[in-house]
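Architecture and fold: a report
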Amino acid sequence: QVQPVESGGGLVQAGGSLRLSCATRRGIFRNNYMGWYRQAPGKERELVAQFTSGGTTEYADFVKGRFTISRDNVQRTLYLQMNSLKPEDTAVYYCSVGPLGPNYWGQGTQVTVSS
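Residues numbered from 1 in each chain as written. Predicted model: local features only at pLDDT ≥ 70, side-chain atom pairs only at ≥ 80, totals over all residues. Heavy atoms only, no water.

**Focus: the overall build of the chain**
In terms of helices and strands, the chain carries 0 helices and 11 strands. Over its C-alpha trace the chain gives a radius of gyration of 13 Å, about what one expects of a compact globule, namely 13 Å for 115 residues. Reported as C-alpha extents along the three principal axes, the dimensions of the chain are approximately 40 × 25 × 25 Å. When contacts within the chain are restricted to residue pairs at least 6 apart in sequence, those whose partners lie at least 24 apart make up 53%. In the form shown here, the chain has an accessible surface area of approximately 6,000 Å², with 46% of it arising from carbon and sulfur atoms. If the 12 positive side-chain charges of the chain are averaged to one point and the 8 negative ones to another, these points end up 8 Å apart. (Helix = DSSP H or I, 4+ residues; strand = E, 2+ residues; numbered from the N terminus. Rg over C-alpha atoms; globule rule 2.2 N^0.38 Å. Contact = heavy atoms within 4.5 Å. Areas by Shrake-Rupley, 256 points an atom, 1.4 Å probe, with all protein chains shown as cover. Lys, Arg positive; Asp, Glu negative; His and termini not counted. Charge placed at Lys NZ, Arg CZ, Asp CG, Glu CD.)

In structure tokens:
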């Protein structure tokens, strides 16, 4: 199985926190790229945060200071810690991995933030 598997979504009140996890089956060294994306109803999928294949960590402006991307190379797991959640963060969150870019996608996990 190549596709990653996300978990950790749910319903949370505004100002709350959630931590998403993404379990990968490929060797971590083969997934030089790892990232989180999200898609809200009626909107296009957008980048949230990523570890690029070039070794940089990047965040979308709308999550800077609130979300943190991290990974456990031993457990082959990618995380997204989300703090100070806002209703506009409501979306399906997807994990994507690949040797150079977002090649393999998970099924997504729903995050709903109530006001």
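**A short note on the sheet that holds strand β1 (residues 5-7)**
Strand order in this open sheet of 4 strands is β1-β3-β8-β7, and the pairing throughout is antiparallel. At either margin of the open sheet sits one strand with a lone partner, and together these are β1 and β7 (67-72). Along the sheet, successive strands turn relative to each other by an average axial angle of 15°, direction set aside. Of the strand pairs in this sheet, strand β3 (residues 18-23) and strand β8 (residues 77-82) are connected by 6 bridges, and their pairing is antiparallel. Its bridge partner being in β8, Leu-20 is matched across the sheet by Leu-80. (Pairing = 2+ DSSP bridges. Axes fitted to C-alpha atoms, helices over the stretch in contact; angles between N-to-C directions.)

**As for the state of the cysteines**
All told, the structure shown has 1 disulfide when counted by the stated rule. A sulfur-sulfur distance of 2.0 Å marks the disulfide that ties Cys-22 to Cys-95. The chirality of the disulfide connecting Cys-22 with Cys-95 is left-handed, given an S-S dihedral of about -70°. Of the two residues, Cys-22 is situated in strand β3 and Cys-95 in strand β9 (residues 91-98); the sequence distance between them amounts to 73 residues. With relative accessibility at 0%, the residue Cys-22 sits in the buried group. By relative accessible area, which is 0% here, Cys-95 ends up buried. (Disulfide = S-S within 2.5 Å. Buried < 20%, exposed > 50% of the residue type's maximum accessible area, 1.4 Å probe, protein only.)

**With respect to the nonpolar core**
Counting residues in hydrophobic clusters, the biggest one holds 24 residues, and the most contacted among them are Trp-36, Val-48, Phe-67, Leu-78, Leu-80, Met-82 and Tyr-93. Mapped by element, the contributors of at least two residues to this core are β3, β4 (33-39), β5 (46-51), β7, β8, β9 and β11 (109-114). Looking at which element gives the most residues to this core, the answer is β9, with 4 residues. Those residues in contact with Val-48 that lie beyond four places of it in its chain are Trp-36, Tyr-37, Arg-38, Glu-58, Tyr-59, Ala-60, Val-63, Phe-67, Leu-80 and Tyr-93. (Core = buried A, V, L, I, M, F, W, Y, C linked by side-chain atoms within 4.5 Å.)

**Quick notes on the environment of Leu-80**
You can see Leu-80 is positioned in strand β8. Among the residues examined, Leu-80 registers a relative accessible area of 0% and is labelled buried. Separated by 45 residues in sequence, Leu-80 and Gly-35 have C-alpha atoms that sit 9.3 Å apart. Sequence-distant contacts of Leu-80, that is, excluding residues within four places in its chain, are made with Leu-18, Arg-19, Leu-20, Trp-36, Val-48, Ala-49, Phe-67, Thr-68, Ile-69 and Tyr-93.

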